[in-house]
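If you want the building blocks of each chain, they are given just below.
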Amino acid sequence: MNHYIENKNDNDLEKILFNNAPNFNYKENIVSDFNSSYWICDTFDIYYPSKKDKNEPLLVYSTYNKEEIDIIKISNKQLIKSLTEVSNYIEKIKISFNEKDKNNYLLASDWEFFVYVWNLDDDYKFLFKIETGYTNYIYSFLFYFKFDYIITSSVGHTNNIDYIKIYSLKDGQLIKNINNSDINDTLYCLIWENDKNENYIVALCYEKIEIYNISNEELYGNLFTEEVYSCGDYYFSGFISNNKYLYTSSSEGFINIWNLYEKTLIKSIKYESSFFKITPWSIYVNYSEDKKESKYYENYNNYILVCDKTKNGIFIINFIFRREMNNKYNIINSNVESFYKHETVSFIENNGESAIKVVKKFRHPKFGDSLLTSGEDHNIDLWINNSPLIIDIFKN
């Protein structure tokens, strides 16, 4: 959701943001038997039921040393359901909401490279189990409800086939492989729909980022700048903002922003850190004026969260894009947009011994904008925001 704040110049805006920066404090432990493998820690997700208790967020997580998935209420830690259809320890979990049937769907993968699928809003109905045939960990999977697809990726193959697979959401049958020989260890997959309604898979690989047309499997292009592009190791993630910009982070401390249409690097920032997951926080728009040059600007503020292993905490960073206006209400050219600046808004310090590797944003029914974090200590912890102004601005 975009949020608009008018009649604020740049200096006023910066005072607001820095004086009222998100001030997250540790609240409590939610789960202490979380299955956090020694380097992934991505086996939990959050959703809001679509049929009842719509404002009550539920936590779905893999339990430690158990072949099951538990669902609990975050507000009171009450166990709602245990999913026992799995046949091994779960390594990865992802939940997505299907706008077509208004249901939440769950994907889970296990140590033997099987994928499991549930419809959570249809009384936790188990749909099917997919035998992927992978020989290494499933690093990424996602739903693409537009075509009723499930997309998976893996690494470590020696014959350059079956890195990315597409299955049917209806029955779990394999539809196609994307096995271009250029694909090199796909660590993370995203979906991109451009302004021509064309559909692409953005594959974040070890050595480059490749973009494939889903319909014909043709390579649309790749993003690669050797000086700044490095995933470092398996801790590699990204997201797409404004249907145009790809944000990526790596364990070597890079945050890169790419223009998917132009297939170019816009900005690369190097921190003395080791980053894990990167995730969007919020976007809002404000207007500013350069009185010396008599120019107006529309500023897009893109807030992101980045887990930092080196400093053991979470950075909140704002990346600002702007468009020039000929007056306060008319943009000169809607297609002309440029990167303005970035700023670190705040840092959430973790006092625990285990580094935070995964962070999920959600809205708590009592505390408002909140975070759930996980590391290697088998804990999922709740952090709440004590900044009322930011809660109002960033309300989703």
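Scroll up for the structure.
Residues numbered from 1 in each chain as written. Predicted model: local features only at pLDDT ≥ 70, side-chain atom pairs only at ≥ 80, totals over all residues. Heavy atoms only, no water.

Caption draft 1: Layout of the overall build of the protein chain. Within the protein chain one finds two helices and 29 strands. Expressed as a percentage of the 396 residues in the protein chain, the buried residues total 57%. Long-range contacts, defined here as pairs at least 24 residues apart, represent 51% of the contacts in the protein chain between residues at least 6 apart. Of the roughly 17100 Å² of accessible surface on the protein chain, 42% is carried by carbon and sulfur atoms. (Helix = DSSP H or I, 4+ residues; strand = E, 2+ residues; numbered from the N terminus. Buried < 20%, exposed > 50% of the residue type's maximum accessible area, 1.4 Å probe, protein only. Contact = heavy atoms within 4.5 Å. Areas by Shrake-Rupley, 256 points an atom, 1.4 Å probe, with all protein chains shown as cover.)

Caption draft 2: Broad picture of the nonpolar core. Counting 18 residues, the largest nonpolar core has Tyr247, Ile255, Ile278, Ile304, Val306, Ile317 and Phe319 as the members making the most contacts within it. Within the residue set of this core, elements represented by two or more residues are strand 20 (245-249), strand 21 (254-259), strand 23 (275-290), strand 24 (295-308) and strand 25 (313-325). One finds Ile69, Ile71, Leu83 and Ile95 within the second-largest nonpolar core, a separate group that totals 17 residues. (Core = buried A, V, L, I, M, F, W, Y, C linked by side-chain atoms within 4.5 Å.)

Caption draft 3: Molecular detail of the pattern of salt bridges. Within the structure shown, the criterion is met by eight salt bridges. Close ionic contact of Glu99 with Lys102 constitutes a salt bridge, the shortest N to O distance being 2.8 Å. When its relative accessible area of 53% is taken as the criterion, Glu99 is described as exposed. A relative accessible area of 42% means that Lys102 is categorised as partly exposed. Here Glu298 makes a salt bridge to Arg323, at a shortest N to O gap of 2.9 Å. Of the two residues, Glu298 sits in strand 24 while Arg323 sits in strand 25, which places them 25 residues apart along the sequence. One network of salt bridges, with partners in common, ties together Lys244, Glu298, Arg323 and Glu337. (Salt bridge = Lys/Arg side-chain N within 4 Å of Asp/Glu carboxyl O.)

Caption draft 4: View of the packing of aromatic side chains. Inspection of the entire model under this criterion finds 23 aromatic pairs. A centroid spacing of 4.8 Å and a plane angle of 85 degrees characterise the contact between Tyr137 and Tyr139, whose relative ring orientation is edge-to-face. Taking the relative accessible area as the measure of exposure, Tyr139 reaches 5% and is therefore buried. Here Tyr271 and Phe315 contribute two aromatic rings whose centre-to-centre distance is 5.5 Å and whose plane-to-plane angle is 45 degrees, an arrangement assigned as tilted. Taken together, the positions of Tyr271 in the loop between strand 22 (264-270) and strand 23 and Phe315 in strand 25 put the pair 44 residues apart, joining distant regions of the chain. Aromatic ring contacts, followed pair by pair, group Phe239, Tyr245, Tyr247, Phe319, Phe321 and Phe339 into a single cluster. Positioned over the ring face of Tyr340 is Arg322, at 3.7 Å from the centre of the ring. One Lys or Arg, Lys361, reaches over the ring of Trp281 and ends 4.7 Å from the middle of that ring. (Phe/Tyr/Trp six-rings, centres within 6.5 Å; stacked < 30°, edge-to-face > 60°. Lys NZ or Arg CZ within 6 Å of the ring centre and 35° of its normal.)

Caption draft 5: Just unusual backbone geometry, in detail. Phi is positive for Phe113, close to 70 degrees, though the residue is something other than glycine. Tracing the backbone shows Phe113 in the loop between strand 8 (103-110) and strand 9 (114-119). Non-glycine residue Asp123 carries a positive phi angle of around 55 degrees. With respect to the helices, strands and loops of the structure, Asp123 is situated in the loop between strand 9 and strand 10 (125-131). With a relative accessible area of 65%, Asp123 lands in the exposed category.

Caption draft 6: Looking closely at the sheet that holds strand 28 (residues 368-374). What the four strands build is an open sheet, ordered 2-29-28-27; its pairing is antiparallel. Edge positions in the open sheet fall to strand 2 (24-31) and strand 27 (358-364), since each of these has one partner strand only. Put simply, the sheet's adjacent strands are angled 30 degrees from each other on average, direction ignored. In this structure, strand 27 lies alongside strand 28, joined through seven bridges in antiparallel fashion. Counterpart to Val359 in the pairing with strand 28 is Thr373. (Pairing = 2+ DSSP bridges. Axes fitted to C-alpha atoms, helices over the stretch in contact; angles between N-to-C directions.)

Caption draft 7: Representation of the sheet that holds strand 14 (residues 174-178) in the model. Pairing in this open sheet of four strands is antiparallel, and the strands run 11-12-13-14 from one edge to the other. Of all the strands in the sheet, the pair left with one neighbour each is strand 11 (138-144) and strand 14. Taken pair by pair, the neighbouring strands of this sheet meet at an average axis angle of 20 degrees, ignoring direction.

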